[in-house]
Amino acid sequence: MVTKAEQRERTRAEIVRLATARFAEHGYAGVALEELMAEAGLTRGALYHHFGDKKGLLAAVVAQLDAETDLRLQAISDGADDAWDGFVQRCRAYLEMALEPEIQRIVLRDARAVLGGASPESQRHCVNSMQRLIEQLIAEGAVAPVDAQAMASLIYGSLAEAAFWIAEGEDGDARLQQATAALEMLLRGLKSTG
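Presented here is an overview of the structure given in this document. Being a predicted model, the structure only gives us computed values, none of them experimental. (Residues numbered from 1 in each chain as written. Predicted model: local features only at pLDDT ≥ 70, side-chain atom pairs only at ≥ 80, totals over all residues. Heavy atoms only, no water.)

## Considering the overall build of the chain
Just so we agree on the cut-off: Strands here mean DSSP runs of E at least two residues long; helices mean DSSP runs of H or I at least four residues long; both are numbered from the N terminus. Burial classification: accessible surface area is computed with a 1.4 Å probe over protein chains only, and a residue below 20% of its type maximum counts as buried, one above 50% as exposed, and the rest as partly exposed. Only heavy atoms enter the contact rule, under which two residues are in contact if any of them lie within 4.5 Å. Each accessible area value is a Shrake-Rupley result obtained with a 1.4 Å probe; residue values ignore everything except the protein chains displayed when judging cover. The positive count covers Lys and Arg only, the negative count covers Asp and Glu only, and His and the chain ends enter neither. In this description, the location of a charge corresponds to atom NZ of lysine, CZ of arginine, CG of aspartate or CD of glutamate.
Tallying secondary structure elements over the chain gives nine helices and zero strands in all. Shown N-terminal to C-terminal, the secondary structure of the chain runs as helices and strands in the order α-α-α-α-α-α-α-α-α. Counting only C-alpha atoms, the chain reaches 65 × 45 × 25 Å along its principal axes. Considering the chain as a whole, with its 194 residues, one finds that 41% of them fall into the buried category. For the chain, the proportion of contacts with a sequence separation of at least 24, taken over those separated by at least 6, is 69%. Total accessible area computed for the chain in this model is approximately 10600 Å², and 52% of it derives from carbon and sulfur atoms. Seen as two clouds, the 20 positive and the 29 negative side-chain charges of the chain have centres 5 Å apart.

Listed below in structure tokens is the structure:
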């Protein structure tokens, strides 16, 4: 038998799933809550109960996409032949994700316009994840000794801004190539020569 807590979580997950699809297709402004909730077979009260309002729903969708992105990036790092290669592949993949429709529209356009960007918790998580990778690279001698948190903040900030730049242009493929070339130059400067 399904508990009330399990049913609430299923309902919440279904609303997030439907909202993700609709936000990706129509954009945040183009989604009517009444239609979304009717499609889910729920009342508008269920939306308010789980998310507070439409902005809260967008924040939940962004958090879900961030979590999925983090898992994908971690799989890239984990699957690489060595830590440096995994780090480089992970940074490139982050930029490439800027052209994926869900991430481009929801995370990089709508979340920035409606929510002001990533939540402070999400940003801290990304910087901390990057910091751990840099600490590992320093310990292995792949990266010259440097303050890992400072370097993680710089790289994360650079990647995030480049992703926004890629997503906002009509020439996303060209911008991705340009950003990837700049990233490779940046990362070459980080690599230890000894």
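## Description of helix H2 (residues 33-40)
Selection rule: Think of the arc as the fan of directions from the helix axis to the C-beta atoms.
Listed in full, the buried residues belonging to H2 are Leu33, Leu36 and Met37. Seen along its axis, H2 keeps its buried residues to an arc of 90°; they face one direction. Structural note: H2 exposes Glu35 and Ala38 on the side pointing more than 90 degrees away from its buried face. Phi for Gly41, located one or two positions after H2, is positive at around 75°.

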